[in-house]
Amino acid sequence: MTFSFASSEWKERFRMLLRLPYPNRALRFFPPEFTFRDPVLSLVKQYRRQGKSCGLILLYLEDFHQMFSTYSEARLCALQSRIRQTILELLPSCFRDKDVIGLRQFALDDYGIFVKEQTGCGFDELQRKAQELQKEVSRRLRLHAGADAQAPVSLQSGCYIVGPDLENTSAGIQAAYHYARCIATRKLPPHFCPTREHLLDILKQESIFVLAQPILNLASGELYGWEILTRGPQNSPFHTPSELFDMAYQADLLSRFEFLVIKKAFMEISSRAIQEQVFINVTPVSLGHPLFLHQLLETLKQFPAISASQVVLEITERHAIRDFQYIGAVMNACRAHGFRFAVDDAGAGYSSLQSISELVPDIIKIDRSVIAEIDRMSVKQSLLKALLHFADNMNCQVIAEGVERPEELSMLCEMRVHMVQGFYFARPQPLVTDQERVQQLQLVKEKIVGHRHMHPA
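In this text the structure is predicted, and so the values were computed from the model without any measurement.

Focus: the layout of surface pockets
So, point 1. By volume, the largest pocket amounts to about 740 Å³.
So, point 2. For the lining of the largest pocket, the elements supplying multiple residues, two or more each, are β6 (223-231), α8 (241-250), α9 (254-271) and β9 (340-346).
So, point 3. Take the lining of the largest pocket: its biggest share by element is five residues, from β6.
So, point 4. Counted by class, the lining of the largest pocket contains seven nonpolar, eight polar and 10 charged residues.
So, point 5. Volume-wise, the second largest pocket comes out at about 350 Å³.
So, point 6. What lines the second largest pocket is a set of 17 residues, and nearest its centre among them are Leu-253, Ser-255, Arg-256, Phe-259 and His-289.
So, point 7. In terms of residues, the lining of the second largest pocket owes the most to one element, α9, which gives six residues.
So, point 8. Partitioning the lining of the second largest pocket into residue classes produces eight nonpolar, five polar and four charged.

Written out as structure tokens, the structure reads:
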């Protein structure tokens, strides 16, 4: 919401605007909140109808909450008026009149400038101008305040491109304001905008690929299933899953990426005629998406060779589960169609006995942090025993992840863990033909059988 002003102040402001190089057409410079419609929003809509992008520069007044609690109301009004006036005075040094769509105050401490898409002026140039404007406004405010200032006045800048990915201009402006403010307050990196555009391009091109790692029955050495793992484009900052999904979450694109992973996984499973169980990672964020089950079923329809009972949705602990009741209801709706669930990373992250008991998964996957060096650490053995006992009471199966050493495998055999996966057996790799899989898995089986002979039931 913008700040209200007395009529006398408005008269002075209009007189000041008339002296500036920019004419106040259509109230495009900081329109008052009592207008019946937002003229700046209307101008942005009108401009975007031409299929063009526009830039938002946001100047954020630091420590305003402290000023609000210490300054008088009159002093705050004067400060905000001075900020708007200074921005208007400096604007011609950064942009031509015809390149400015409008100026708008989003909140008591946020000042936005919408500019048109300009040839040869990309995000870097927009950011450079934003930083220059921010520094000069801050400098002039400090000079104007002089020795009477109760606290140093400083602004920070953030900028964002309102691109074509959102058709709704109101939503696009709100998103741009949100991201620009996060950049200005250092919650997001300065180059977040081009990074998000890169992610959107990956989604558009569907340029991710999936690998698979076998999950093996420890009693028989037979293949139980495959965990599907994701990789981003080669030679890009998003090749590793941690970078890809962490940034996708910050960019509010996580669910779109996870839906794409499901589609890619189904494509591979179908084309390779995989008959075993397939584990596909899904975060609580995407599982709680209102369209999750609909999207899952629609994707499944495209691949009639795959049955829902073949798919195990592996709930990762990358993000906390905020509403167990709602997530439980979603899981029950998915189970009604035949899908099953595993809880990943047990023993690490947000995972706990409470979260497992709330979700009642079909399978519990023990995190690598518990399995690593378990043959040498009695504390980890005790923790695994507790998890196995807990799983047994819940009638859950247990998979030990991250097995990398023969000694770890020997201990897992001794403790009667149900299933295993890890680099000791196979690294994640593309799914191959039936004959190649048979040859690979025969070698894996020999490793397991050898250890079972050392620890007979």
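So, helix α6 (residues 169-184)
Side chains that are three or four residues apart share a direction in an α-helix, a result of its 3.6 residues per turn.
So, point 1. An ideal rise of 1.5 Å per residue puts 22 Å on 16 residues; α6 measures up with 22 Å between its terminal C-alpha atoms.
So, point 2. Among the residues making up α6, those that are buried are Thr-169, Gly-172, Ile-173, Ala-175, Ala-176, Tyr-177, Tyr-179, Ala-180, Cys-182, Ile-183 and Ala-184.
So, point 3. Of the residues flanking the start of α6, the one acting as N-cap is Asn-168, its side-chain oxygen 2.9 Å from the backbone nitrogen of Ser-170.
So, point 4. Immediately beyond the C-terminal end of α6, within one or two residues, lies Arg-186, with a positive phi of roughly 65°.

As for the environment of Phe-64
So, point 1. Position of Phe-64 relative to the elements: it lies in helix α3 (residues 64-70).
So, point 2. Separated by 12 residues in sequence, Phe-64 and Leu-76 have C-alpha atoms that sit 9.5 Å apart.
So, point 3. In contact with Phe-64, not counting residues within four places along its chain, are Leu-76, Leu-108 and Asp-109.

As for the environment of Tyr-224
So, point 1. For Tyr-224, the position within the fold is in strand β6.
So, point 2. Taking the relative accessible area as the measure of exposure, Tyr-224 reaches 18% and is therefore buried.
So, point 3. Sequence separation of Tyr-224 and Val-420 is 196 residues, and the distance between their C-alpha atoms is 9.5 Å.
So, point 4. Residues in contact with Tyr-224, not counting those within four places in the same chain, are Ile-215, Leu-216, Asn-217, Glu-276, Gln-277, Phe-279, Arg-340, Ile-363, Gln-397 and Met-419.
So, point 5. Within the structure, the side chain of Tyr-224 is placed 3.5 Å from the side chain of Gln-397, a separation counted as a polar contact.

What counts as what
Residues numbered from 1 in each chain as written. Predicted model: local features only at pLDDT ≥ 70, side-chain atom pairs only at ≥ 80, totals over all residues. Heavy atoms only, no water. 1 Å grid on protein atoms, 1.4 Å probe; cavity = no way out; pocket = protein on both sides within 12 Å on 5 of 7 lines; lining within 4 Å. Points joined across faces, edges and corners; volume = space filled by probe spheres on them. Helix = DSSP H or I, 4+ residues; strand = E, 2+ residues; numbered from the N terminus. Nonpolar A, V, L, I, M, F, W, Y, C, P; charged D, E, K, R; others polar. Expected span 1.5 Å × (residues − 1). Buried < 20%, exposed > 50% of the residue type's maximum accessible area, 1.4 Å probe, protein only. Polar contact = N/O pair within 3.5 Å; in protein donor to acceptor, adjacent residues only side chain to side chain. Contact = heavy atoms within 4.5 Å.

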